[in-house]
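One letter stands for each residue in the lines below.
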Amino acid sequence: MNSQTLREARKYEEASAKRIHSDDRPSFHLSTRVGWMNDPNGFSHYNGKYHMFYQYYPYDCHWGPMHWGHAVSEDLLHWEYLPAALAPDEFYDMDGCFSGSAVSLPDGRQLLMYTGVVKERHQNGGIHEVQTQCLAVGDGVDYEKYEKNPVLDESDLPKGSSRFDFRDPKIWQKEDGTYCCVVGNRPADGSGQILLYTSPDGFQWSFKSVLASNNSRFGKMWECPDFFLLDGKWVLLTSPQDMLPRGFEYHNGNGTLCLIGEFDEEAGTFCDQHNQAIDYGIDFYAPQTVLTPDGRRVMIGWMQNWDTCGQRTTDVLWFGQMSLPRELSVRNGRLYQNPIRELETFRSNKAAYRNVTFSDTMELENIRGRRVDIELTIRPGDADNLYHKFALRFAQNDKFQTSLSFRPRESILKVDRKHSGSRRAIIHQRRSKVNSENGELKLRVIMDRFSVEVFVNGGEQVMSAVLYTDQSADGISFYADGTVNMDVVKYDLIV
Ligand code: FRU
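All of these numbers come straight from a predicted model, not from anything done at the bench. (Residues numbered from 1 in each chain as written. Predicted model: local features only at pLDDT ≥ 70, side-chain atom pairs only at ≥ 80, totals over all residues. Heavy atoms only, no water.)

What to know about the overall build of the protein
Helix and strand content of the protein: one helix and 33 strands. Over its C-alpha trace the protein gives a radius of gyration of 23 Å, about what one expects of a compact globule, namely 23 Å for 495 residues. Dimensions of the protein along its principal axes, counting C-alpha atoms only, are 70 × 50 × 50 Å. Out of the 495 residues belonging to the protein, those deemed buried represent 60%. Look at the contacts in the protein between residues 6 or more apart in sequence, and 59% of them connect residues 24 or more apart. For the protein, the exposed area adds up to about 19900 Å²; of that, 45% sits on carbon and sulfur atoms. Averaging the coordinates of the 55 positive side-chain charges in the protein and doing the same for the 68 negative ones gives two points 4 Å apart. (Helix = DSSP H or I, 4+ residues; strand = E, 2+ residues; numbered from the N terminus. Rg over C-alpha atoms; globule rule 2.2 N^0.38 Å. Buried < 20%, exposed > 50% of the residue type's maximum accessible area, 1.4 Å probe, protein only. Contact = heavy atoms within 4.5 Å. Areas by Shrake-Rupley, 256 points an atom, 1.4 Å probe, with all protein chains shown as cover. Lys, Arg positive; Asp, Glu negative; His and termini not counted. Charge placed at Lys NZ, Arg CZ, Asp CG, Glu CD.)

Side note on the site of the ligand
Taken together, 13 residues lie around the ligand, and Asp39, Gln55, Arg167, Asp168 and Trp306 are the ones closest in. Contacts to the ligand include serine 99, whose backbone N or O atom sits 3.1 Å from an oxygen atom. Within the side chain of glutamate 223, one N or O atom sits 2.9 Å away from an oxygen atom of the ligand. Out of a free accessible area of 320 Å², the ligand has 95% covered by protein chains. Breaking the shell around the ligand down by element, the ones donating at least two residues are β1 (35-46), β5 (97-104), β9 (166-173) and β13 (222-230). Here the residues of the shell around the ligand sort into six nonpolar, three polar and four charged. (Near = heavy atom within 4 Å. Polar contact = N/O pair within 3.5 Å; in protein donor to acceptor, adjacent residues only side chain to side chain. Nonpolar A, V, L, I, M, F, W, Y, C, P; charged D, E, K, R; others polar.)

Concerning the sheet that holds strand β2 (residues 49-57)
If you trace the five strands from one edge of the open sheet to the other, you get β4-β3-β2-β1-β19, paired in mixed fashion. At either margin of the open sheet sits one strand with a lone partner, and together these are β4 (79-86) and β19 (318-319). As judged from the seven bridges shared by β1 and β2, these two strands associate in the antiparallel manner. Along β2, the bridge assignment pairs methionine 37 with tyrosine 56. (Pairing = 2+ DSSP bridges.)

Observations concerning the domain arrangement of the protein
For the protein, the domain assignment lists domain 1 (4-341) and domain 2 (343-493). If you average the C-alpha positions of domain 1 and of domain 2, the two centres end up 31 Å apart. Listed per partner, the contact involves 39 residues of domain 1 and 39 residues of domain 2. For the pair domain 1 and domain 2, the summed buried surface comes to about 3300 Å²; carbon and sulfur atoms form 57% of the total. Looking at the side of domain 1 facing domain 2, the largest losses of area belong to Phe248, Ile282 and Gln311, adding up to 22% of the total buried there. Inspection of the region where domain 1 meets domain 2 yields three salt bridges. For arginine 326, the salt bridge goes to glutamate 453, with nearest N and O atoms at 2.8 Å. (Domains from an automatic or database assignment. Buried area = accessible area lost by both parts, 1.4 Å probe. Salt bridge = Lys/Arg side-chain N within 4 Å of Asp/Glu carboxyl O.)

Laid out in structure tokens, this is it:
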């Protein structure tokens, strides 16, 4: 039986989502049905469809008591909304159903595992949120919370670990049919750790080990872990809070972290050998992955960040969108990401130019638009004089523009949306060090009305940013300080 809280949310979202015109949303990125969206949750393939749930507050474009929104897709690009799946309506989750994941059960039902949040009031007036792990079982539309919730609480924590920061279970089934999950937690040193739990059936859980410890190396608390084997290596994805920058690799605030290493399955410990940011742009956080039926590891992140939420405007009824689904691989010890190949099916109106040499501002016929896929190769146009700067400007008219600029001498790629129409004093630029030899660089730039995602050097790095520029600003231009030679192919994306 659905609770009144869930029934109300379902009624509300159905009525109010009708007030959002499809042209006023991203076309192939999943956006919130209405109101607020943050983390992807329960990203899974169940009964022939991909399911994506998300942190959801339908009633306002601000974070509020967390529900789980729900959508399904056959190709990860066309999404259909389903009614909200979870609402904060039980004594163990009355202050929020926080992030979690999903898995199929042998009997054909789907199991959701999420964090239940309850505010605890202290005598001194302070409030702390106690976090436990809970389950719900369903048929892909309706979910029943498990009568023995919570299934993991403070008694399942290692000594000294915080019961206030214990969240975001990511569950998977092993080949032998048993289950594992990883959960983010804060140990006594105040930084982050990832805990590993095991279960014979998905319902009875027990603590196995501390999978990985932060020791304050990368930010503090580690949120939203994901853990999987990819190309012979184990990969731990997590989103640390309170990061400090290290050169160009990480930036202040909420960041993303990919650790690649070895997993001792017996002991339940992970040893990292390589670290990198997952996304080097402005808006990306809390990614989650799914294994597709054909064996691809595909990741989707929240294309927003806690430090950049101030972009909201009062006249829009939705806030929050997901990133493109990205196919992951480990190559040369690094994480590579590329847009899922299905996107290529929706390319049309090709415009291609080879060997264009320019040394000023230039526009090219038929290259414009806000839903486009652009492949660019740039190189010096004059072998004796390395150019100073290359820039791609887009979402452009006489008032607005967002730019992607590259300075080959420093090997720095910068995204800058300060002139995108934002009226807020939040971060609008980010610079990333990229690999380039002799001023050569390969970029794939994907735009979908309110965002840009830049895949650098065949997926070696990605930079994501949202931009809420009016759609009439659809100009694209190229700029060179010095002489640049370029190949460019543009497609419209009609999804
Ligand atoms: C990450 C996060 C999670 C939490 C959720 C709450 O963005 O803080 O740790 O479960 O958002 O909405």
